[in-house]
Amino acid sequence: MNDLTFAIRQLRNNPVFALVAVLTLALGIGANTAIFSVVNAVLLRPLPYPESDQLVQICRQGREQESAEAIQTDWLGGRELEVLGRESQVLSHLTAYAVAEMKMTGGENAQQVHGGLVTASFLPMLGACPVLGRSVLPEEDQPGAAPAAILSHASWQRWFQGRIEAVGQTVTLNRRTFTVVGVLPASFRFVEDLDVYVSLAANEEHAAEGMEFYRKALGRLKAGVSLAQAQAALDGVYQRTRGVGEESRLVLAGFQGQVVRRVKLKLLVFLGAVTLVLLIACANVANLLLVRVAVRRKEMAVRLALGAGRRRLIRQLLTESVVLALLGAGGGVVLAGWLRGALGTFAAGGVHLQPVCLDAWVLGFTLVMAIAAGVLSGLAPALATSQVSCVEDLKEGAGSVTGGRRAHRWRSVLVVAEVAVAMVLLCGAGVLHHSFVRLKAVDLGYK
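Being a predicted model, the structure only gives us computed values, none of them experimental.

Draft legend 1. Representation of the packing of aromatic side chains. Enumeration according to the criterion identifies eight aromatic pairs in this entry. Between Y97 and F122 the ring centres are 5.3 Å apart and the planes differ by 50°, which places this aromatic pair in the tilted class. Of this pair, Y97 sits in strand β2 (residues 91–105) while F122 sits in helix α4 (residues 122–125), placing them 25 residues apart in sequence. In this structure Y97 comes out as buried when scored by relative accessible area, which is 4%. Grouping aromatic residues by their ring pairs yields a cluster made of Y49, Y97, F122, F188, F190, Y197 and F255.

Set out below in structure tokens:
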């Protein structure tokens, strides 16, 4: 407590130095907190569905593709889903969905809506219970059944202004009339940002024309069944039922891994980049603290002469740097709260199944990051006190800003490290910009 009180008094006596150091650390800690809040929401927290770790995605994969992580959009046909549902002993539930752009007409202006064609078991398996009306009934999930639609909460607000009378009304999608049978809660989120959910089987127009209608399949593993066991059982089922000459196989992959795989690397790169920014901030603050130690050499020499040990001086300087970092963390949390909305939308690539918020895990991460930054910033200045000579510094007065050759070497090392890290960031940003420009210049073959 004495060290803490003295550290606060030192910072209060030097407000300009304290303000510059706190703002520098706040920038680095705030950027890390903002990115980690996105990483926490997208990569670390489980999907917002009951027992989400048991959810798996089922895809067809060519024999040349060896890794389940490389699953492509080669989705299943109706025959394969029927076989899986009938013969698989490792899945407690199986459902399917397809995503389609639909044209909504009937109002003042036609508009494009993002629609989901789902089986009757889709929403119940994900734990989605309509706040108004009901879900799609099994009998409505048959070819030729009356078209039923379930609205997302946002669509309900946008199309019907949140009126309860929306249930039972009709909407026209792709020139077909659908009866609204339910409205989903605002808390329900799916991988695709869908406006409306309609019966899949009742809308298989392609099947009526003799064409295969492909679906994305989701399953839930039975309790106690591992992914490897389920894959082995699935291979056996598919071997017995696949057509002659087919070289593909069905592959199971964890649903969460499939949801985040396209943004995982980007998020980790962003987290690494902001960590380097924090290291640059720590180097800047360490240089400032080294200059202060050089100015305070006489003070250190007097304290040594009065009986203070070097460990005591090191502890005091580390306490001062940690206090600076904790103040910077407070500013960083404010900055992260301001940045997380825009930064989260950009960094997460549209994957927002969990809200991006500054919860206890993010604040705990910020606290650990602040303590680590404080120790890292204060380490070089604290070690520099081991060079203080009680007799020599009292004779010289130790009032110079340079603090001698040894302090100058410390500052030079920090400057070199800071420039090196900055160059890594600069080169990475240059490569990223060059790649982005080249991608924008790709001729897609249409205007």
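Past the structure itself, the notes keep going.
Draft legend 2. Structural detail: the pattern of salt bridges. Inspection of every chain in the model, using the stated rule, returns one salt bridge. Of the charged contacts in the structure, one is a salt bridge between R158 and D195, with a shortest N-O distance of 3.3 Å. Taken together, the residues span a long stretch of sequence, with R158 in helix α5 (residues 153–160) and D195 in the loop between β7 (176–183) and β8 (196–199) at a distance of 37 residues. R158 gets classed as partly exposed once you look at its relative accessible area, which sits at 43%. Under the relative-accessibility criterion, D195 is labelled buried at 16%.

Draft legend 3. Quick peek at the nonpolar core. Judged by nonpolar contacts, the single largest core of 36 residues is most densely connected at Y49, F122, L123, F188, F190, Y197 and F255. Contributing elements (two or more residues each) for this core: α2 (15–44), α4, β5 (148–151) and α8 (255–295). Residues contacting F188, with those up to four places away along its chain left out, are Y49, L123, L126, A128 and Y197. With 20 residues, the next largest nonpolar core counts L132, W159, F160 and F178 among its residues.

Draft legend 4. Focus on the pairing of strand β6 (residues 170–173). Only one face of β6 is covered, namely the face carrying V171 and L173; the face carrying T170 and T172 is uncovered. Judged from the two bridges that link them, β2 and β6 form a sheet pairing that is antiparallel. Along β6, the bridge assignment pairs T105 with T172. In terms of strand pairing, β6 meets β7 through four bridges, oriented antiparallel. Note that in β7 the partner of T170 across the bridge is T179. Connecting the antiparallel pair β6 and β7 is a turn made up of two residues, with N174 showing a positive phi of about 50°.

Definitions and cut-offs
- Residues numbered from 1 in each chain as written.
- Predicted model: local features only at pLDDT ≥ 70, side-chain atom pairs only at ≥ 80, totals over all residues.
- Heavy atoms only, no water.
- Phe/Tyr/Trp six-rings, centres within 6.5 Å; stacked < 30°, edge-to-face > 60°.
- Helix = DSSP H or I, 4+ residues; strand = E, 2+ residues; numbered from the N terminus.
- Buried < 20%, exposed > 50% of the residue type's maximum accessible area, 1.4 Å probe, protein only.
- Salt bridge = Lys/Arg side-chain N within 4 Å of Asp/Glu carboxyl O.
- Core = buried A, V, L, I, M, F, W, Y, C linked by side-chain atoms within 4.5 Å.
- Contact = heavy atoms within 4.5 Å.
- Pairing = 2+ DSSP bridges.

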